[in-house]
Each structure stands twice: as C-alpha cells, then as structure tokens.
Amino acid sequence: LEKLPKQMSDQENIDTATAIIHCICDKYSLTSKEILSNTRTDRIAHPRMIAMALIRRHTTFSTTKIAEIFRKRDHGTVLHATKRFGHIKINELTHA
C-alpha cells in the first residue's frame, strides 16, 4: 500500500479504504460500527482520525468523499486528521 498509481478505480479506492478501516479496527479493538459512529471519545476518535489520514494518503478519494465514508463529517475534519496523523504509516500499525 505504500506506492499507488495516480489513478485508481472507484472499486480500488473502496477496497483500500475498507482494508484500512478493518486494519485500524483490529489494531484498536473497535468495530466498524464504532469507528464510523459519531462518538467523540478518545478511544474511538483517535483511531478514526488515523483511518481518515491513511485513506487520504492511500486512495484518490477527495476529503469530501472521505468525510462521507465517516458518516457525513465535514471535510475539515479530514484535513485536520491528515495534518495531525499524516505521518503515520500502515506498516507501523500492522507490525507494532
């Protein structure tokens, strides 16, 4: 997942986003329902923001589309997540 083509199909974007969400859920012992919820506790919000940042990096989805995936959150939330957690790499999560 480190290098992606400049163009991805919608299905490739969806598959990548889904894989990232599942990876984050496994790492932080969350369900998909929890990470996609509006819950703002740190236990859920922190991993959600990491997922947003990783989806931004590893797909060609816009910030608005990523916000829609996470239940209509404002795209500014995705920008904030990217700024705050954009340095995190997937292999840091899977090998930690």
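Provided above is the structure to which this section pertains.
What counts and what doesn't
- Along each chain, numbering runs from 1 in the same order as the chain's sequence is written.
- Predicted model: local features are reported for residues with pLDDT of at least 70 only, side-chain atom pairs are reported and counted for 80 or more only, and whole-chain, interface and lining totals are derived from all residues.
- Side-chain measures here rest on the full set of heavy atoms in the structure, leaving out hydrogens and waters.
- Two rings from Phe, Tyr or Trp (for Trp, the six-membered ring) form a pair when their centres are within 6.5 Å of each other. A pair whose planes differ by under 30 degrees is stacked, one over 60 is edge-to-face, and the rest are tilted.
- Distance and angle both matter: a charge sits over a ring if NZ of Lys or CZ of Arg is within 6 Å of the ring centre and within 35 degrees of the ring normal.
- With axes taken as lines fitted to C-alpha atoms, and helix axes fitted only over the stretch in contact, angles between N-to-C directions fall between 0 and 180 degrees.
- Secondary structure elements follow DSSP: runs of H or I no shorter than four residues count as helices, runs of E no shorter than two count as strands, and numbering proceeds from the N terminus.
- Any angle that falls under 35 degrees is termed roughly parallel, while one over 145 is termed roughly antiparallel, one within 65 to 115 roughly perpendicular, and all others oblique.
- Two residues form a contact once any of their heavy atoms are found within 4.5 Å.
- Gly is put with the polar residues, along with every residue not named as nonpolar or charged; the nonpolar set is Ala, Val, Leu, Ile, Met, Phe, Trp, Tyr, Cys and Pro, and the charged set is Asp, Glu, Lys and Arg.
- Between N or O atoms, a polar contact is any pair within 3.5 Å; within protein, one atom must be a potential hydrogen donor and the other a potential acceptor, and residues adjacent in sequence are included only when both atoms are from side chains.
- For a helix, the expected span equals 1.5 Å multiplied by the number of residues minus one.
- Only protein chains enter the area calculation, which uses a 1.4 Å probe; residues under 20% of their type maximum are buried, those over 50% are exposed, and those in between are partly exposed.

Further remarks concern the packing of aromatic side chains. In this structure the tally under the stated criterion is zero aromatic pairs. The ring of Phe61 has Lys65 sitting right over it, with the charged end atom 5.9 Å from the ring centre.

Let us now look at the packing of helix H3 (residues 42-58) against helix H5 (residues 75-85). At a closest axis distance of 8 Å, the pairing of H3 and H5 adopts a crossing angle of 90°. Comparing their axes, H5 and H3 come out roughly perpendicular. Taking contact as the criterion, the partners of His46, Met49, Ile50, Met52, Ala53 and Arg56 in H3 are, on H5, Thr77, Val78, His80, Ala81, Thr82, Arg84 and Phe85. Looking at the contact of H3 with H5 residue by residue, the classes come out as seven nonpolar, four polar and two charged.

Another point: the side chain of Ser37. Relative to the helices and strands, Ser37 is located in the loop between helix H2 (32-35) and H3. Of the polar contacts made by the side chain of Ser37, one reaches the backbone oxygen of Glu34; its length is 2.6 Å.

In this model, helix H1 (residues 10-28) (19 residues) spans 27 Å end to end at C-alpha, consistent with the 27 Å of a helix rising 1.5 Å per residue. Among the residues of H1, Asn13, Thr16, Ala17, Ile20, Ile21, Ile24 and Cys25 are the ones counted as buried. Positive phi shows up at Ser29, right after H1, with a value of about 55°.

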